[in-house]
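Listed here are the chains, written in short residue letters.
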Amino acid sequence: MSVSLSRYLVEKQRAKGHITPELRLLLEVVARACKGISHAVTKGALGGVLGSAHSENVQGEVQKKLDIIANEVLIEANEWGGHLAAMASEEMEEIHVVPNRYPQGEYLLLFDPLDGSSNIDVNVSIGTIFSVLKKTSTGSEVCTQDFLQSGRNQVAAGYCVYGPQTTLVLTVGDGVEMFTLDKEQGSFILTHENVQIPHETQEFAINMSNMRHWDAPVKRYVDECLAGTEGVRGKNFNMRWIASMVADVHRILTRGGVFMYPWDKREPHKPGKLRLMYEANPMSWLVEQAGGASTNGVKPILDITPTSLHERVSVVLGSKAEVDRITAYHTHPEH
Ligand code: AHG
Ligand code: MN
Ligand code: MN
């Protein structure tokens, strides 16, 4: 018998008290919003959703129409339920506090509404990434400071990948589950339980066009992979780069591998390209929950205390043995 996301969440709430009724509602609402985004993505040119919106977000990136549509879908779906205090998004400079006309809850929702924007118009997998925190301050006021908690404080995290299938991947701190959207029924069905990333891998993901800008430890790691059976690793490696973090991480959760978007010398003052709070943190928690590891090169990403909402970070995540090796190349380069 198939288990829907709704049933899974109800059972999680009942059996272990692992999630509160409010968190259950929140996750149901996020999943519903992802269904709406999936629908818009699938329509493509027929729905008039492709192309640029001719505007820029706070990070100076050109927004695609779908970046804005997905952001609106998520905000409208989540505003009125009474489960949230505020939201933060890659596409909004400031936090979005739940308007006074609705009841306020204690959860904080962060999202990258549309990840992999450069793939929208070329019909390659894209996704939505989300992270849920709990407001720690008391009182009805909510401000940016409430969001600046380390990834260890997440109470739920996940993503939805819009690919050949629409798949929602979720953790509430009790392992990782995957749910595939049954488009006829309109519900997400549990299709992979207790997802585990293999410790060893022979596949890496990095944008090789940046090689000349990399730092020595990353260059060393990739050079050793490229040397194959003739090098110190003694085995051949394969490479993949989809340019949608969601799709690259989905592959790693499915068959292992290591993903890197490291700091590089192009913009040395920036710690990396990817955003800590709504890209790296949720993905890092999923990967750790699936037995993998995640680091900025020197410490686990989940241990970083953010200082700003749109903070960037260097990211290495995936199969544990490879992530440990890359960490060692950073911390003990002499070995
Ligand atoms: P977004 O579309 O939300 O801005 O994120 C894109 C990110 C990430 O998904 C991907 O891994 C990376 O940017 C790709 O960057 P390059 O184009 O530099 O390879
Ligand atoms: Mn992104
Ligand atoms: Mn995005």
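Residues numbered from 1 in each chain as written. Chains lettered and ligands numbered in written order. Predicted model: local features only at pLDDT ≥ 70, side-chain atom pairs only at ≥ 80, totals over all residues. Heavy atoms only, no water.

What is the right way to look at the overall build of the chain in this model?
Across its full length, the chain holds eight helices and 17 strands. Here the C-alpha atoms of the chain give a radius of gyration of 19 Å, agreeing with the 20 Å that 2.2 N^0.38 yields for 335 residues. Referenced to the eigenvectors of the C-alpha coordinate spread, the extents of the chain come out at roughly 65 × 50 × 45 Å. Counting only residues that meet the buried cut, the chain has 54% of its 335 residues in that class. Taking as baseline every contact in the chain between residues at least 6 positions apart, the subset at least 24 positions apart corresponds to 63%. Entry remark: accessible area of the chain is about 14300 Å², with carbon and sulfur atoms responsible for 50%. Distance between charge centres in the chain, computed from 32 positive and 40 negative side chains, equals 3 Å. (Helix = DSSP H or I, 4+ residues; strand = E, 2+ residues; numbered from the N terminus. Rg over C-alpha atoms; globule rule 2.2 N^0.38 Å. Buried < 20%, exposed > 50% of the residue type's maximum accessible area, 1.4 Å probe, protein only. Contact = heavy atoms within 4.5 Å. Areas by Shrake-Rupley, 256 points an atom, 1.4 Å probe, with all protein chains shown as cover. Lys, Arg positive; Asp, Glu negative; His and termini not counted. Charge placed at Lys NZ, Arg CZ, Asp CG, Glu CD.)

How should the coordination of the manganese ion (ligand 2) be read in this particular structure?
Four donors placed tetrahedrally about a metal ideally form angles of 109.5 degrees, and six donors placed octahedrally ideally form angles of 90 or 180 degrees. For the manganese ion (ligand 2), the protein coordination sphere consists of Asp112 (OD), Asp115 (OD) and Glu279 (OE), at 1.8 to 2.1 Å. Counting the intervening residues between successive donors of the manganese ion (ligand 2) yields the motif D-x2-D-x163-E. In this structure, the manganese ion (ligand 2) lies 3.7 Å away from the manganese ion (ligand 3), the two metals sharing Asp112 as a donor. (Donors = N, O, S within 2.8 Å, 3.2 Å for Na, K, Ca; no water.)

What is the right way to read the coordination of the manganese ion (ligand 3) from this model?
Of the protein atoms, only Glu90 (OE), Asp112 (OD) and Leu114 (O) coordinate the manganese ion (ligand 3), at distances of 2.2 to 2.3 Å. Mapped onto the sequence, the residues coordinating the manganese ion (ligand 3) show the spacing E-x21-D-x1-L. Among the residues examined, Leu114 registers a relative accessible area of 1% and is labelled buried.

Can you help me understand the domain arrangement of the chain in this one?
Interfaces are often sized by the accessible area lost when the parts come together. Domain annotation of the chain identifies domain 1 (5-192) and domain 2 (203-331). At the interface, 51 residues of domain 1 touch 33 residues of domain 2. The contact between domain 1 and domain 2 buries some 3000 Å² in all, and 63% of this surface belongs to carbon and sulfur atoms. Contact with domain 2 buries surface across domain 1, with Leu148, Arg152 and Tyr159 losing the most and accounting together for 21% of the total. We note a salt bridge from Glu90 to Arg275, for which the minimum N-O separation is 3.3 Å. Inspection of the domain 1/domain 2 interface yields 21 residue pairs in polar contact (both at pLDDT 80 or more). Contributing elements (two or more residues each) for the side of domain 1 that touches domain 2: β3 (84-89), β5 (107-115), β6 (126-134), α4 (144-147), β7 (156-162), β8 (166-171) and β9 (176-182). Sorting elements by how many residues they give to the side of domain 1 that touches domain 2 places β6 first, with seven residues. (Domains from an automatic or database assignment. Buried area = accessible area lost by both parts, 1.4 Å probe. Salt bridge = Lys/Arg side-chain N within 4 Å of Asp/Glu carboxyl O. Polar contact = N/O pair within 3.5 Å; in protein donor to acceptor, adjacent residues only side chain to side chain.)

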